[in-house]
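Residues per chain, in single letters:
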Amino acid sequence: MTKLTVTERQIGLLIALVVAAIGLAMAAAGRGELFGAQGFIVLFFALTLSGFIIAKWDAPLPDPSQFERYYDDPTKVGIVLTMLWAVIAMFVGVWVAALLAWPELTFDAEWASFGRLRPVHTSGVIFGFGGNALIATSLHVLQRTSRARLPDQISPWFVLIGYNLFCVVAASGYLMGITQSKEYAEPEWYADLWLVIVWVVYFLIYIRTLARRKEPHIYVANWYYMAFILVVAILHIVNNLAVPISFGSAKSYSAFSGVQDAMTQWWYGHNAVAFFLTAGFLGMMYYYLPKRAGRPIFSYPLSIISFWGITFMYMWAGSHHLHYTALPQWVQTLGMTFSVILLVPSWASAGNALATLNGAWHKVRDDATLRFMMVAAVFYGLSTFEGSFMAIRSVNSLSHYTDWTIGHVHGGALGWVAMITFGSIYALVPWMWKRETIYSPKLVEWHFWLALSGTIVYVFSMWNSGIIQGLMWRTYNENGTLAYSFIDSLVEMHPYYIARTFGGLLFLLGAIVGTYNVLMTIRQARLEQGAEAGSEADLPIGGRDGVIQPGE
Amino acid sequence: MADFHRKLERSAIAFMLAIVGVASIGGLVEIAPLFTIGETVETAPDMRVYTPLEVAGRNIYMREGCYACHSQMIRSLRDEVERYGPYSLAVESKYDHPMLWGSKRTGPDLARVGEKYSDAWQVAHLNNPRDVVPESVMPAYRWLLRNTLKTDDLGEHLAAMRTVGVPYTDEMIANAPADAFGQSAPDDASADGVAERYGEATNVRPFDGNPGQLTEMDALVAYLQILGGLTDAAKKTEQTALGE
């Protein structure tokens, strides 16, 4: 707040009040219905924000010299939000995992049933944790690799806070029973529209900052962040086309039905994995891993091949979720083929990352932060191999509908997405708060081992349960009839569901340790703020006013 | 190639256009033809639309996240056909906006669960699954019997579905709340309209055992009991050859 000018404070307040008015209008239009309740949540969110801005209205005005530095405040808040969403979403994850082992472990309340909590877990991890991590790191990477300051100070806040409003509306909606039931795209039409607005502003920040860049080339990390922003926009808009029953109701009906809807949903679903959970995080990896290792990226041609390979081929792969279904076979075959070829660009990325560490392996041994990133690259390689394998029709006939898919997803989400995020955040936090190191490197070690053991326990239990399920469903006895009833297979799952809950719990504990570590680093920085150093090397070439430096 | 790319990565706009172009091809090739190639969806003249009560039940099915654990898509594999019935055809979910094929079977497939169990079994099972299946890990949906079904906006639901392509008539839309009530109250005057508008074969009975009161349980059971029953198309294909 102390870095916002008077005009910016006024614009900020105005936007908050406009959002509050939208919330009020929703509350009025949906009186007595769930839509109205969502309106009150928007209203409450926006009024809290307005109150915060007004409370800080008289904060000292910014020092003009700040416009010659990078603007990192949204990144800092984004990092804290990332860690908070991690704890919330992973806690709900452990809870729903426990419900499958002990179904009575809840209340006789609608909001507390498995079906409503599960999307809170999935959206909380993907959009709350993953999305905030991507926004926070992308704004940092964008400025450093362009050597340019963000174009203004309001739009990054609009993106960060507006995006979190989307997450809050989505999660509270699930608990109330609002969902359009599309996997990983559950939020209803009004939340989807809001996200489009936020996303356009996010895209404009990227374009405007790149236009001001002082580096002739756009660095590879930004290729991935751009692909993430652009393709997620396309996917989001097409997949969520729907007709609301009225503008006073949360309910809408999808524009597509049946087989076309299935293909559209998995085109979206698989590419949410590709462009949200892969491309964006590869952007993270391409910046923070070489920085932390102190080594340049191993190969430029490999970066090009893997980037365009991923951007082109992933979009064909979604139909491997629909093998042996009523989807025409030619589409299934295309999806399988591209899924298998996808292994090439995927392993090119993973190999590029690991080869970058050559000459820095002693650092991997000693530094848990870099080790997080190294293990993430390994899990990325393993998960993409597993993904290509599972996309083969005959393998998929066994693995589909089983816990094997859940194991695969968590190998990617825990082993790749979360590990690269934690590694990047541990690297970024001391830079952002101008500290020598994180509060406790020892706690980073603890977090690393909790996360790794949690992932392994989780993934192995789901592999076991998934393959047992798949085999039991297709086993015949000597009379030529099915050997097991469905419930027989469910009973066999019980020990694995307990093990999976335990693995998830370990991972959650790690996230809590990490959050504590980050918050303590911030606290320390606050306590010693008097002695603000301000590292001289970390400055943009052109400040807000675009002063051209000698030598440019 | 590297030289070309060095040029490309100096222009933000060109790079972004390249991303959009390259990324769009897959979806255009795989999705667009599904709307134009006629044989993608079979024709089934006997296919009927969901009644208002079934629509309400389907929305409860989505609201409670049932699709997260139950698929509605029987694959063309021998063991699935023997376990669940004839494999699913595209036409069977033609009116499903959105589709609920699912991706995970923590519980069994439900594509053909309609009329497999009695209404009373379904009610008891939904109220507390472990009363009828002791090993089950399904949540107990005790509030379904407690909650009165909201019917006043069902006409708007049907109208929105008509906008996206489901052939509801003006008459169906106008009578939606009455038809929802009538379908679970066979002795009420409003019951006649249901058979008239949706066909004689429509299930008209007190699904939750209490004809006087329309609960969310009525709607969900009505929906479950029609699963696999909108058309007989799947039973008329040459599926016996499968897996032999």
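Only a predicted model underlies this, so the values are computations on that prediction, with no experimental measurement involved.

Colleague: Got a minute to help me understand the overall build of chain B in this structure?
Modeller: Looking only at helices and strands, chain B features 11 helices and 0 strands. Whereas a compact globule of 244 residues would reach a radius of gyration of roughly 18 Å, chain B reaches 22 Å, over 25% beyond that. By principal-axis analysis of the C-alpha atoms, chain B measures approximately 80 × 45 × 35 Å. A separation threshold of at least 6 residues defines the contact pool for chain B, and within that pool the share at least 24 residues apart is 69%. When the 23 positive and 35 negative side-chain charges of chain B are each reduced to one mean point, those points stand 9 Å apart.

Colleague: Can you walk me through the interface of chain B and chain A in this structure?
Modeller: Often, the extent of an interface is quoted as the loss of accessible area upon association of its parts. The interface of chain B with chain A comprises 89 residues on the first partner and 94 residues on the second. The junction of chain B with chain A conceals about 8,000 Å² of combined surface from both sides, 66% of it contributed by carbon and sulfur atoms. Sorting the residues of chain B by area buried against chain A places Glu30, Arg75 and Arg83 of chain B first, and these three jointly supply 9% of that buried surface. Scanning the region where chain B abuts chain A turns up 5 salt bridges. One salt bridge in this structure joins arginine 146 of chain B and aspartate 108 of chain A, with 3.1 Å as the shortest N-O distance. Linking chain B with chain A are 32 residue pairs in polar contact (both at pLDDT 80 or more).

Colleague: Honestly, a negative patch on the surface in this entry has me stumped. Any pointers?
Modeller: A contiguous patch of negative charge, built from Asp187, Asp188, Asp192 and Glu196 of chain B, is present on the exposed surface. Positionally, glutamate 196 of chain B belongs in helix α10 (residues 191-198).

Colleague: For this particular structure, what's the right way to read the packing of aromatic side chains?
Modeller: Here the distance between the centres and the angle between the planes together describe a pair of aromatic rings. Residue and element names in this part refer to chain A. Tallied over the full model, the rule gives 49 aromatic pairs over all chains. With a centroid separation of 6.3 Å and 45° between ring planes, the pair formed by tyrosine 163 and tryptophan 199 is classed as tilted. You can see tyrosine 163 sitting in helix α5 (residues 155-176) and its partner tryptophan 199 sitting in helix α6 (residues 189-211), a full 36 residues away along the chain. Ring plane angle 75° and centroid distance 6.2 Å describe the contact between tyrosine 202 and phenylalanine 228, whose orientation is recorded as edge-to-face. Taken as a pair, tyrosine 202 in helix α6 and phenylalanine 228 in helix α7 (residues 220-239) lie far apart in primary sequence, 26 residues in all. There is no split in this pair, since tyrosine 202 and phenylalanine 228 are both buried. Through a chain of ring-to-ring contacts, the aromatic side chains of Phe127, Tyr163, Phe166, Trp199, Tyr202, Tyr206, Tyr225, Phe228 and Phe276 assemble into a single cluster. Taking the ring centre of tyrosine 253 as reference, the NZ or CZ of lysine 251 above it sits at 4.7 Å.

Colleague: Can you help me understand unusual backbone geometry in this one?
Modeller: Trans is the prevailing form of peptide bonds, just as negative phi is the prevailing case for residues other than glycine. The omega torsion across histidine 97 of chain B and proline 98 of chain B is 0°, close enough to zero to call that bond cis. You can see proline 98 of chain B is positioned in the loop between α4 (78-84) and α5 (119-127). Even without glycine at this site, serine 181 of chain A takes up a positive phi of about 70°. Tracing the backbone shows serine 181 of chain A in the loop between α5 and α6. Positive phi is not limited to glycine here, since tyrosine 184 of chain A has a value of about 65°. Tracing the backbone shows tyrosine 184 of chain A in the loop between α5 and α6.

Cut-offs applied
- Numbering of residues starts from 1 in each chain and follows the order in which that chain's sequence is written.
- Numbering of ligands from 1 and lettering of chains from A proceed in the order in which they are written.
- Since the coordinates come from a predicted model, pLDDT governs what is reported: local features require at least 70, and pairs of side-chain atoms require 80 or more to be given and counted, while whole-chain, interface and lining totals use all residues.
- Hydrogens and waters are ignored; side-chain quantities use all the structure's heavy atoms.
- Labels follow the DSSP assignment, with helices taken as runs of H or I lasting at least four residues and strands as runs of E lasting at least two, numbered in each case from the N terminus.
- This radius of gyration counts C-alpha atoms alone. The globule rule is 2.2 Å times how many residues there are, raised to the power 0.38.
- Pairs of residues are marked as contacts when any of their non-hydrogen atoms sit within 4.5 Å.
- We treat Lys and Arg as the positive residues and Asp and Glu as the negative residues; His and chain ends play no part in the count.
- Taken as the charge centre is NZ of Lys, CZ of Arg, CG of Asp or CD of Glu, depending on the residue.
- Each of two parts loses accessible area, computed with a 1.4 Å probe, when they are put together; buried area is these two losses added.
- One side-chain nitrogen of Lys or Arg within 4 Å of one carboxyl oxygen of Asp or Glu is enough to make a salt bridge.
- The term polar contact refers here to a pair of N or O atoms within 3.5 Å; inside protein, the definition further demands a hydrogen-donor-capable atom paired with an acceptor-capable atom, and it admits residues adjacent in sequence only when both atoms are side-chain atoms.
- Residues form patches when they are more than 30% accessible in relative terms and have no salt bridge. Like charges link within 9 Å. Nonpolar side chains (Val, Leu, Ile, Met, Phe, Trp, Tyr) link within 5 Å.
- Surface accessibility follows the Shrake-Rupley procedure with a 1.4 Å probe radius. Residue values consider only the protein chains on display as shielding.
- When two rings of Phe, Tyr or Trp (its six-membered ring) have centres within 6.5 Å they constitute a pair, described as stacked for plane angles under 30 degrees, edge-to-face for angles over 60, and tilted for the intermediate range.
- Only protein chains enter the accessibility calculation, which uses a 1.4 Å probe; a residue is then buried when its area is under 20% of its type maximum, exposed when over 50%, and partly exposed in between.
- Whether a charge sits over a ring depends on NZ of Lys or CZ of Arg being within 6 Å of the ring centre and within 35 degrees of the ring normal.

So far we have only geometry, and geometry alone does not tell us how the molecule works.
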